[in-house]
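For reference, the chains in residue letters:
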Amino acid sequence: MRMILVGPPGAGKGTQAAKLIDTYKIPHISTGDMLRAAKKAGTEMGKKAAAFMDAGNLVPDEVVIGLVIDRIAESDCKEGFMLDGFPRTRPQAEALDAELTKAGVKLDVVLFIEVPDELIVDRITGRRSDPETGAIYHLQFNPPPADVAGRVVQRKDDTKEACVARLQKYHSETAPIIPFYEEHGLIRRVDGNAAPDEVTARIKAALA
Ligand code: AP5
């Protein structure tokens, strides 16, 4: 299956991807994770991306498109992939479309996780992750277990200010890709305003 997870920051894309990969057995490709890894490794691309990310801005299309096109050309993506956080602009959606057409394959579904703006800041500012396993927690909604709580970290862009900027970018740059995929009949909408396991059940029902 070739699928895209789309939704506002904090919609639960990463949380749901972690719950879905066992079922669908396809690689989870998160551009946010790839860019954070490049930043941590101090690569040229990571350095270039850092300032954009920390301020809640989008990394330029020319950086991100190449990264994803190279990744989906790898052998583990032959039977499918789950893209999380890409595409995020109309040029990214068009570049992906062109690349898949060139490869003679098609997207199966674009899963749109909908969460109202008023819930986003709490979700984002309370997020913590385990640097050892990558597991995502929330201080209130999904607290880390006692043996993990001491080592969880907060993302640099999970401040209220950066979150507001990310939400604005989402509405101006990313939301317009929804009609693009709607025209292609690929969108499945899922209400993400429920407990994580309930959202997973809704996603599986939408994909069935
Ligand atoms: P990225 O890492 O993709 O961030 P994002 O899209 O803003 O999404 P998040 O990771 O913040 O949220 P999520 O939907 O995965 O939610 P999560 O499951 O963690 O991108 C970061 C930056 O990289 C961008 O700002 C940009 O600079 C750059 N970038 C990345 N891709 C790019 C691209 N294609 N083009 C240009 N730039 C790009 O959940 C959030 C919190 O809520 C967690 O604490 C979780 O425990 C909690 N939670 C989850 N589900 C629920 C639920 N159902 N109920 C209650 N709490 C929940």
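Since the model is a prediction, treat every value here as computed from it, not as a measurement. Residue indices begin from 1 for each chain and proceed along its sequence in written order. With pLDDT at 70 or above as the cut-off, local features in this predicted model cover only qualifying residues; side-chain atom pairs require 80 or more to be listed or tallied, and sums for whole chains, interfaces and linings still use all residues. Water and hydrogen atoms play no part in the side-chain values, which are based on all heavy atoms of the structure.

For the rest of this paragraph, the subject is the environment of Ala73. Mapped onto the elements, Ala73 comes out in the loop between helix 4 (61-72) and strand 3 (81-84). Once the C-alpha coordinates of Ala73 and Ile29 are considered, the two residues, 44 residues apart in sequence, prove to be 12 Å apart. Under the DSSP-based scheme used, a helix requires at least four consecutive residues in state H or I and a strand at least two consecutive residues in state E, with every element numbered from the N terminus.

For the rest of this paragraph, the subject is the environment of Ala206. Note on placement: Ala206 falls in helix 10 (residues 196-207). The criterion used for residue contact is that any of the two residues' heavy atoms lie within 4.5 Å. If near-sequence neighbours (up to four positions away) are discounted, Ala206 is found in contact with Arg188 and Val190.

Mapped onto the secondary structure, Asp84 falls in strand 3. Accessibility here uses a 1.4 Å probe with only protein chains present; expressed as a share of the type maximum, an area under 20% marks a residue as buried, one over 50% as exposed, and anything in between as partly exposed. In this charge count, Lys and Arg are treated as positive and Asp and Glu as negative; neither His nor the chain ends contribute. One side-chain nitrogen of Lys or Arg within 4 Å of one carboxyl oxygen of Asp or Glu is enough to make a salt bridge. The charged side chain of Asp84 is buried without a salt bridge, its nearest counter-charge being Lys13 at 5.1 Å. Within the structure, the side chain of Asp84 is placed 2.9 Å from the side chain of His28, a separation counted as a polar contact. If we skip the residues at most four places from it in the chain, Asp84 touches Leu5, Lys13, Gly14, His28, Ile29, Ser30 and Thr31. Two N or O atoms count as a polar contact when they lie within 3.5 Å, although within protein this holds only if one can serve as hydrogen donor and the other as acceptor, and sequence-adjacent residues are included solely when both atoms are side-chain atoms.

Most of strand 4 (residues 109-114) sits out of view: five of its six residues are buried. Of the strand pairs in this sheet, strand 4 and strand 7 (residues 187-191) are connected by five bridges, and their pairing is parallel. Bridge pairing in strand 7 links Ile113 to Val190. A pair of strands is labelled paired if DSSP reports no fewer than 2 bridges between them.

We now examine the site of the ligand. For this purpose, a residue is taken to be near a molecule or strand whenever a single non-hydrogen atom of the residue falls within 4 Å of it. Taken together, 36 residues sit near the ligand, with Thr15, Asn57, Arg88, Arg127 and Arg166 positioned nearest. A distance of 2.5 Å separates an oxygen atom of the ligand from a polar atom in the side chain of Arg127. Here the Shrake-Rupley method, with its probe set to 1.4 Å, supplies the accessible areas, and only the displayed protein chains count as covering residues. Expressed as a share of its isolated accessible area of 1000 Å², the protein-covered part of the ligand is 96%. Of the residues forming the shell around the ligand, the biggest block, four residues, is contributed by helix 2 (residues 31-41). Here the shell around the ligand is built from residues that sort into 17 nonpolar, eleven polar and eight charged. Under the grouping applied here, Gly and all other residues not named as nonpolar or charged are polar, the nonpolar ones being Ala, Val, Leu, Ile, Met, Phe, Trp, Tyr, Cys and Pro and the charged ones Asp, Glu, Lys and Arg.

Throughout, nonpolar core names a set of buried Ala, Val, Leu, Ile, Met, Phe, Trp, Tyr and Cys residues whose side chains join them through atoms within 4.5 Å. Counting residues in hydrophobic clusters, the biggest one holds 31 residues, and the most contacted among them are Leu83 and Tyr181. If you list the elements that add at least two residues to this core, you get strand 1 (2-6), helix 3 (44-54), helix 4, strand 3, helix 5 (90-103), strand 4 and helix 9 (177-183). Looking at this core, the element that brings in the most residues is helix 4, giving seven residues. In this view, Leu83 contacts Met3, Ile4, Leu5, Ile29, Val68, Ile72 and Leu96; residues no more than four positions away in its chain are not counted. Counting 19 residues, the second largest nonpolar core, distinct from the first, contains Met82, Val109, Ile124 and Val190.

To continue, consider the pairing of strand 1. Within strand 1, five of the five residues are buried, which leaves the element mostly enclosed by the surrounding structure. The alternating pattern of strand 1 places Arg2, Ile4 and Val6 on one face and Met3 and Leu5 on the opposite face, and all of these are buried. Pairing of strand 1 with strand 3, which is carried by four bridges, proceeds in the parallel orientation. Its bridge partner being in strand 3, Ile4 is matched across the sheet by Leu83. Pairing of strand 1 with strand 4 involves four bridges; the strand directions are parallel.

Right, let's talk about the packing of helix 6 (residues 117-125) against helix 8 (residues 160-174) for a bit. Simply put, an axis is a line fit to the C-alpha atoms, just over the touching stretch for a helix, and the angle between two N-to-C directions goes from 0 to 180 degrees. In the contact formed by helix 6 and helix 8, the axes pass within 10 Å of each other and the chain directions differ by 135°. Between helix 6 and helix 8, the angle falls in the class oblique. Handedness of the helix 6/helix 8 crossing: right-handed. Facing helix 6, whose interface residues are Asp117, Ile120, Val121, Ile124 and Thr125, helix 8 presents Lys160, Cys163, Arg166, Leu167 and His171. These descriptions rest on fixed angle ranges, namely under 35 degrees for roughly parallel, over 145 for roughly antiparallel, 65 to 115 for roughly perpendicular, and the rest for oblique. Less than a right angle of anticlockwise turn of the near helix away from the far helix marks a crossing as left-handed, whereas a clockwise turn marks it as right-handed.

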